[in-house]
Structures are given as C-alpha cells and as structure tokens.
Amino acid sequence: MAIWISRRTREGWTPPERVADEEEVPHWNPVLFRRSDGVLFLYYKVGPEISGWTTRVIRSTDNGRTWTPPVPLVEGIRTEAGGR
C-alpha cells in the first residue's frame, strides 16, 4: 500500500525507504521524473478503485533523501471509469 525507493551509491544500493504512504489506500503507477535543474518528482495514483484514483505528486531537492508532503496533481480531478 506504499511506494518505496532505493538509491544507488558508490557503495551499492541503499536500504529501501518508504516515500509515499497515505490514507491506508493502495498506491499505483509510480513515475519518477528529474527536471533539468535536478528537482526530482514522484507522481503516483491513490485509491482502491480505478474509477476513484487521484494523482499525487511529491518533490525532492536532495536526490530523494527527503520529500515534500503529497499534493494532488490537479485539484478535484479523478480518473474516470474505464481508466481514462
């Protein structure tokens, strides 16, 4: 029900860390994106049913060591039935 990450270092992979875990609901389809200025974004969906998923985004400015609180990608937008 959460999203976990691990970072690759010179010594190898770090232990997994939970970065998204909200409301005791399933988390789906994580996507990492690094902007040209180095800011890292994690986009993901939350909700028990596709028809009610909402998209969240969190941001890291320190290569994934710390993250902002999650916010809706677009307030009030939910996935429609059929996965659109």
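That block above? That's the structure.
The sections below set out a description of the structure shown in this document. Just so it is clear, the model here is predicted, and its values are computed rather than measured.

Reading the values: the criteria
Each chain has its residues counted from 1, running along the sequence as written. Local features are withheld for residues below a pLDDT of 70 in this predicted model, meaning they are given only at 70 or higher, and side-chain atom pairs are given and counted only at 80 or more; totals for whole chains, interfaces and linings count all residues. No hydrogens and no water enter the side-chain calculation; it runs on all heavy atoms of the structure. Put simply, DSSP H or I for four residues or longer makes a helix, DSSP E for two residues or longer makes a strand, and each gets a number counted from the N terminus. Exposed residues in this analysis have more than 50% of their type's maximum accessible area, buried residues have under 20%, and partly exposed residues fall in between, with area computed by a 1.4 Å probe over protein chains only. In what follows, a contact means two residues having at least one pair of non-hydrogen atoms within 4.5 Å. All accessible areas in this document rest on Shrake-Rupley with a 1.4 Å probe, and a residue is counted as covered only by the protein chains that are shown. For two strands to be treated as a pair, DSSP must find no fewer than two bridges joining them.

Moving on: the overall build of the protein chain. Broken down by element type, the protein chain carries zero helices and eight strands. Traced from its N-terminal end to its C-terminal end, the protein chain shows the element sequence β-β-β-β-β-β-β-β. In the protein chain, buried positions account for 31% of the 84 residues. In the protein chain, the proportion of contacts linking residues at least 24 apart, taken out of those at least 6 apart, comes to 29%. For the protein chain, the exposed area adds up to about 6000 Å²; of that, 53% sits on carbon and sulfur atoms.

Spatial strand order, S5-S6-S7-S8: four strands in an open sheet with antiparallel pairing. Strand pairing shows two members of the sheet lacking a second neighbour, strand S5 (27–34) and strand S8 (71–72), which therefore form its edges. As defined by bridge partners, S5 adjoins strand S6 (residues 40–46) across six bridges and the pair is classed as antiparallel. Within S6, the position partnered with Phe33 by the bridge is Phe41.

Counting through the fold element by element, Phe33 comes out in strand S5. In this structure, the C-alpha to C-alpha distance between Phe33 and Tyr43, residues ten residues apart in sequence, is 8.1 Å. Sequence-distant contacts of Phe33, that is, excluding residues within four places in its chain, are made with Val39, Leu40, Phe41 and Tyr43.

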